[in-house]
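Next come the chains, spelled out residue by residue.
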Amino acid sequence: MASLIGKATRRVDGIAKVTGRAKYAAEFNLTDLAHGYLALSAVAKGRIASIDISKAEKAAGVIKIFTHKNAPKLPFSDPQDKDGVAPGGKPFRALQSDQIMFSAQPIALVVAETFEQARHAARLIEAEYEKETSETDILPILGKGVPAEPAERAPKPRGNPEGAFRDAPVKIEAEYTIPIEHHNAMEPHASIAFWKDDRLTVFDKTQWVYNVRNHLASIFGIPEGKVDVISPFVGGAFGGALRPAANVMLAAMAAREIKRPVKIVYSRRQLATAHGYRPQTWQKVRIGADEKGKFLSIIHEAIGNTSQFETYSEGTPGTTRSIYACPNVQTDYKIVKTDLATPLYMRAPGAVSGMFALESAIDELAYKLKIDPLELRLINYAETDPEDGKPFSSKALRECYSEGAERFGWSKRKLEPRSMRDGPLLVGWGVATGTWGAYQAPSASRITLKADGTALIQSAASDMGPGTYTTITMIAADTLGLPVEKVRFELGDSRLPEAPVHGGSMTTASVGSSVQEACRNVLKKMFELARKGDASPFKNVPDDQLECENGQIRIKGKPGVGLTLTEVLRRNGLEKLEEMHNSAPNKERDKYSIASHGAQFVEVKVDEDLGTVRVTRIVEATAAGRIMNPATAHSQEMGGAVWGIGMALTEETEIDHRYGRMMNPNLAGYHVPANADVREIETIFVEEEDKIVNDLGVKGMGELGMVGVPAAIANAVFHATGRRVRDLPITPDKMI
Amino acid sequence: MDKRGEHLEDWMNEEDWVEPEERRITEDEEKLLDELGIFGESRRRFLGQVSAAGLSVLALQLIAEQKALGGVGGRGPEDAALIAEKLENAVKVVMQINGDKKTLEVDSRMTLLDALRERLQLTGSKKGCDHGQCGACTVIVDGRRVLSCLTLAATCEGKNVTTIEGLANGDELHPMQEAFIKHDGFQCGYCTPGQICSAVALMVEAKNGEASYVSENIQAKPRAVQLSDDEIRERMSGNLCRCGAYPNIVAAIKEVHTGKEVAQTWQFAAGDDLASLESLREKDEEG
């Protein structure tokens, strides 16, 4: 049996998803289920002076209404509510005080017999507020920025950035702004909670079942072992489901009070303030270079917004320190408090915003130097990590540039802006670099080899869409020597062995490594069992000469002689063989700089009369270690490209700063790319052999595919039109 | 069977060489299913469904516990009367859903989508925005694609509704479902039922020669049209996919529409070698 790794493999959960059988959080229909619906604040800041629920209480079907006045005061036994993703500060606790900290904050929960009844009653709640003035735009208050990290942790300047910039013969300096953006996953956040005696069970949309479990246990002051969180399918999240949203705690609270299962699903409008967003960002980049294009100094400043109660930060200028060879580098990152809910990691957090600014600035420099933008990047290629001098465990970025350029046809590009046309349309070609850390975290898994010749793999991971179900199944099948159909992977249940958060593009590296090691261990035990007995054909055959192929243990190179796993178990009187395994990242990693890299090439066509920009072609060249499943990996890169198109051209959460209120919390006003916005997207995988990252050789790729795209599009727009747009999104009004 | 090797003959049985035909269930699972009262063919089907729904054995256990608590599975149509008692504005409606006649008493405000999801356990149709902006709730009503979140259940009297659950013929998937799997036309899967229902109805629209925003001549007499990629993109733009699977969705639909294979758009870089640590080190040394 040839290795499954690197073979395009159909999703093992494909049939469940195309037949509607895959169960998402809101879809567990429990007996006697009651429906919760949230009422939200009308003001951004102040306190609730009075709240009148009398009309709502009389509405048909209403079971109970909770406000800050009557909601049980819960134990909250941890200052950060055991939320492993919480930033510094105090987490928001719904219905626990009269204080309003952002517009559309939950102020009441109606629980009724049906969804329609709950929704109607929520509209009958009347609240009066003592209003205070709110500030929701960072641009007028940039001066109020405070360092995102304490001085001792903040990166120090490298070399003499200010001096080198001052003395540089060629320099550019520019400011870039990015508005708030929302994850807008297709599945709204939803929770169903019920209690049986003192045990709490929750179906929840989450990227980390253990986090929700620990969170609820701390809020209710009960042991973690008394909470079960189940989340077999996640309808997209992109970071939006990293932290438990208020609905999960409120559903659990209401369920305990009314002694029935309670379901709370956010409406699309409510989601805008339910789970965070990509922060509003201001950036300034200064680059000094010599006449040949060699960077002499890069100074990258960034300021992003946070809430009044938490200090959210995402390392916006961080990638600037390692991505190009430059002796003098300084990055400054500050955060400003605003009267909004706390931001939250959104696909490629920090990196995509920071790289939009840096990669745009490099493009600006290229035109000033009259050097091809791709050539300028090669001139400043970092062979080792310039931040600490460490070698890269692998870095095929150079190959990404060349493979991508060839596929795209970059050599036919004319440097001059406005030099390429397609009939009445201006054509522009742009390029940018992408990078993302290749993270790995400790992860546990369990494997059970069964007498029927199948294997059950279990780990409390998530699959929000990248294909975790499939990739982990492939890794297990490949390691065990079983066909994919004989392996079943269970995830998304806090009663399974602990997996790390499904974020940061590290699930395959973390859970995959754990499963690979567990499978190897269990095979070793099977070999041992197979050697038992005088008549065993493997009596004196050491492990390294044995293998398992298609469910059969045999001597390497002797396919004729074998014992099935089933027979080995039976001969030893076993029904199954179980193996628990905890894996940790390879310590060797510390000696290296570890990251994924990519190059993104974009073609745009611009209608100058209408100011419309169309992305007609994207080539993504990606170096992310070994590709487990190119079919799903391509989908990841494609998704990243589509996200880049949205960020560059259409996505913007509009806020009426007079009221501190988000004005387009819906999919008609907030434009995520639709099918007609997307044309050709090609992926080239430049594989890297990298045994330092982990034995599988995998790095992450979910975020990577997005990182360079917005800059590449903005650069292509400049190439097409000669117009540099530094304020995203590049909407038609900015083009005319 | 000489491939066995002579010395193995008394150690092994013939059947050890044969892979089991289908998944056998464990004793734990067996016990659970006994508790649930699921036997024979329905047991096999149930297991298949649980597996397809991504439920762990532990979740199965949970369902068994719920059963012990007084039943599981939400309110089926047989509970309609019970619901109606609690409604002040109930409307009785009879419709065909996936070929079955269903009688429901619904809140007059209840959408078709909520009727499917909350009352009939047909949760394949998804609620993404509830405002007709995302298309996740798309179902086929009397042959046309319809946003079930903008359709009141009470208006469906006598209508013929097909949902994602009604497309496959037993275990045999609809060609559009097959094509979506083949071309990886989804990631998280949440918009997928709506995309597929939309695409299935689109095939009929193309056959009937209905015009779209990008049709070159909208005054032309309707006749079956061959959909270009742009036509498919335009006509599928009512179905948002936040994962960004659009090019794969277009490929899947095109393949079903034309009957011809559509090529993949990814490749491994040319050259046999992986960019190895060694080659990088060599470069470092040279540099």
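Residues numbered from 1 in each chain as written. Chains lettered and ligands numbered in written order. Predicted model: local features only at pLDDT ≥ 70, side-chain atom pairs only at ≥ 80, totals over all residues.

**Considering the overall build of chain A**
When helices and strands are counted, chain A shows 16 helices and 32 strands. In terms of overall size, chain A behaves like a compact globule, its C-alpha atoms giving a radius of gyration of 27 Å where 736 residues would be expected to give roughly 27 Å. Dimensions of chain A along its principal axes, counting C-alpha atoms only, are 80 × 70 × 55 Å. When each of the 736 residues of chain A is scored for burial, the buried share is 63%. Within chain A, residue pairs in contact and separated by at least 24 positions form 82% of the contacts whose partners lie at least 6 positions apart. (Helix = DSSP H or I, 4+ residues; strand = E, 2+ residues; numbered from the N terminus. Rg over C-alpha atoms; globule rule 2.2 N^0.38 Å. Buried ≥ 20, exposed ≤ 12 C-beta atoms within 10 Å, placed from the backbone. Contact = placed C-beta atoms within 7 Å.)

**With respect to the sheet that holds strand E8 (residues 146–147) of chain A**
Residues and elements named next belong to chain A. One open sheet holds the five strands; their spatial order is E8-E17-E15-E14-E9, and the pairing between them is mixed. Each edge of the open sheet carries a strand with a single partner, namely E8 and strand E9 (170–178). Judged from the nine bridges that link them, E9 and strand E14 (residues 281–289) form a sheet pairing that is antiparallel. Looking across to E14, one finds that Ile 178 is bridged to Thr 281. The sheet contacts of helix H8 (residues 351–369) involve E9, E14 and strand E15 (295–306), and relative to E9 the element is tilted by about 145 degrees. (Pairing = 2+ DSSP bridges. Axes fitted to C-alpha atoms, helices over the stretch in contact; angles between N-to-C directions.)

**Quick word on the pairing of strand E4 (residues 144–147) of chain B**
Residue and element names in this part refer to chain B. The pairing of strand E3 (residues 138–141) with E4 spans four bridges and is antiparallel. Directly across from Ile 140, in E4, lies its bridge partner Arg 145. Linking E3 back to E4 in an antiparallel pair, the connection comprises two residues, with Asp 142 at a positive phi of about 50 degrees.

**Focus: the packing of helix H5 (residues 209–220) of chain A against helix H6 (residues 246–258) of chain A**
Residue and element names in this part refer to chain A. It is the contact of H5 with H6, at a shortest axis distance of 11 Å, that shows an interaxial angle of 50 degrees. Between H5 and H6, the angle falls in the class oblique. Between H5 and H6 lies a crossing of right-handed hand. In this structure, H5 uses Val 212, Leu 216, Ile 219 and Phe 220 to contact H6, whose residues at the interface are Val 248, Met 249 and Ala 252. Grouping the constituent residues of the contact of H5 with H6 by class yields seven nonpolar, no polar and no charged. (Parallel < 35°, antiparallel > 145°, perpendicular 65-115°, else oblique. Left-handed = near helix turned anticlockwise from the far one by under 90°. Nonpolar A, V, L, I, M, F, W, Y, C, P; charged D, E, K, R; others polar.)

**With respect to the sheet that holds strand E6 (residues 106–112) of chain A**
All names here are of chain A. In space, the seven strands of this open sheet follow the order E3-E6-E1-E13-E10-E11-E12, with mixed pairing throughout. The sheet is open, and its two borders are formed by strand E3 (62–67) and strand E12 (227–230), each paired with just one other strand. Taken over all neighbouring pairs, the strand axes of this sheet differ in orientation by 20 degrees on average, direction set aside. Two strands pair when backbone bridges link them, and E3 and E6 are joined in this way by five bridges, in the antiparallel orientation.

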